[in-house]
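Now for the letters of each chain:
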Amino acid sequence: MTFSFDMYQTLAIATVVLLLGAGLKKKVGLLQKFCIPAPVVGGLLYALIMTVLHAVWGIEFNYDETLKNVCMVLFFTSVGFQANVKILKEGGVSLLIFLGIVIGLVFVQNGAAIAIAKLIGSDARVGMATGSIPMIGGHGTAGAFGPILEDFGFRGATTVCTAAATFGLVAGSLMGGPVAERLIRKYDLLSRTKEEDPTLLINEEQRHHHQPGKYASATYQLAIAMGLGTLISWLLSLTGMTFPVYIGAMIVAAIMRNIGEHTDKITIQIGEINDLGGIGLSLFLGIAMITLKLWQLTELAMPLVILLISQVIIMYIFSRYIVFFLMGKDYDAAVLAAGICGFGMGATPNAMANMQAVTEKYRPSVKAYILVPIVGSMFADFINSLAITFFINYI
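Residues numbered from 1 in each chain as written. Predicted model: local features only at pLDDT ≥ 70, side-chain atom pairs only at ≥ 80, totals over all residues. Heavy atoms only, no water.

Participant: I would appreciate a short explanation of helix α17 (residues 348-361) in the present structure.
Facilitator: Note that an α-helix has 3.6 residues per turn; residues three or four places apart therefore point the same way. With 14 residues, α17 should reach 20 Å at 1.5 Å per residue; the first-to-last C-alpha distance of 20 Å fits that figure. The buried fraction of α17 amounts to 12 of the 14 residues, a majority that puts the element mostly inside the structure. Three or more residues of α17 are buried, namely T348, P349, N350, A351, M352, A353, N354, M355, Q356, A357, V358 and T359. (Helix = DSSP H or I, 4+ residues; strand = E, 2+ residues; numbered from the N terminus. Expected span 1.5 Å × (residues − 1). Buried < 20%, exposed > 50% of the residue type's maximum accessible area, 1.4 Å probe, protein only.)

Below, the structure written as structure tokens:
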């Protein structure tokens, strides 16, 4: 039996799941300690229940994901408003280093997946289906490159890529918080790292007091940036390259922010915009989690399970040692380690959720909140597509 829900019902279910996760997080100390995002907590429980219903009675739910994309664009528009010139200048060298790290991760994920697949006697194409296609690429890249692998003779490649992306989404969300938590405590990073200049803080609480009357203005600013952003996205599409749907809105938001900072022509409600963006992120993840079909993972053969577990181990080592040490071994580096677990095994919104969970417990990280969206949304998919093309031709 299949039941379908429209976008309003889907939003309501996602909200209930989000509230359930928040409640469980308050009651279960381990969830709070390891900074597991509330949508992931409630979403995993919901997905497990749906898996049981599917296995016992053959029940399956379909959801209208229209609002998922709206919430995603809303969140990244709020991130665009946070990117003023002062912060971007601060991240110059760090941006290049982090970009280099992500490029390295793409090649490590694919190289290791192919090598391990051959080691266990499986096809290299099976390895590719668990490499950067579903990991850094997520469900979008899985849907795009799965058919290409099928053209190369790998039957069912799209299903395998999608299942692997689902696994990565869950694993990356669960891993990021604990990695950062351990680093912060082991190296006593809060006392060793100087807190950032309040004028550069993402939330800017000290400069923009939250007032109920400002939320209307913040909503209008977000709406304008999202609308104008569609025109920018259309212009970028004329280059022939594929960009995330939210990139135009981020660019417009950044322009509006800097006009406000340097001319006083616009008063940008940064604190309120950040709050609204956080709500959008939570709802996006809530909808994303309830649409997971975990039973897809049970259909994976043992070689695929081995390959996916290997990707988890690789991601842990990469984030824990390479990212943390190359990015400066400070609090920002720990937050970045949590972030790269998110988009290195799922999607940029998951990276932001991981970092949000950590920064809500401790304090904001300007560097992490700037580097991850820029690299994750503007560079990672493009670089990943080129690398995947190279590896597919190689095998």
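Anyway, onward from the coordinates.
Participant: Got a minute to help me understand the packing of aromatic side chains in this structure?
Facilitator: Ring pairs (aromatic) are described by centroid distance and by the angle formed between their planes. All chains considered together, the criterion is met by 10 aromatic pairs. Ring geometry for F3 versus F61: centroids 5.6 Å apart, planes at 80°, classification edge-to-face. Remark: F61 occurs in strand β2 (residues 60-63) and F3 occurs in strand β1 (residues 2-5); sequence separation between them is 58 residues. Judged by its relative accessible area of 37%, F3 is partly exposed. Relative to F343, the ring of F98 has its centre 6.3 Å away and its plane inclined at 80°; by these criteria the two rings are edge-to-face. Taken together, the residues span a long stretch of sequence, with F98 in helix α6 (residues 92-119) and F343 in helix α16 (residues 331-344) at a distance of 245 residues. Here F98 matches F343 in class, with each residue buried. Taken together, the ring pairs in this structure connect F3, F5, F61 and Y63 into an aromatic cluster. (Phe/Tyr/Trp six-rings, centres within 6.5 Å; stacked < 30°, edge-to-face > 60°.)

Participant: Help me understand the packing of helix α4 (residues 66-82) against helix α11 (residues 214-237) in this model?
Facilitator: The description of two packed helices rests on the angle between their axes and on the distance between the axes. Running from N to C, α4 and α11 cross one another at 105°; their axes reach a closest spacing of 10 Å. By the angle class used here, α4 and α11 are roughly perpendicular. In contact with V70, V73, L74, T77, S78 and F81 of α4, α11 contributes Q221, L222, A225 and M226. When grouped by side-chain class, the residues that make up the contact of α4 with α11 number seven nonpolar, three polar and no charged. (Axes fitted to C-alpha atoms, helices over the stretch in contact; angles between N-to-C directions. Parallel < 35°, antiparallel > 145°, perpendicular 65-115°, else oblique. Contact = heavy atoms within 4.5 Å. Nonpolar A, V, L, I, M, F, W, Y, C, P; charged D, E, K, R; others polar.)

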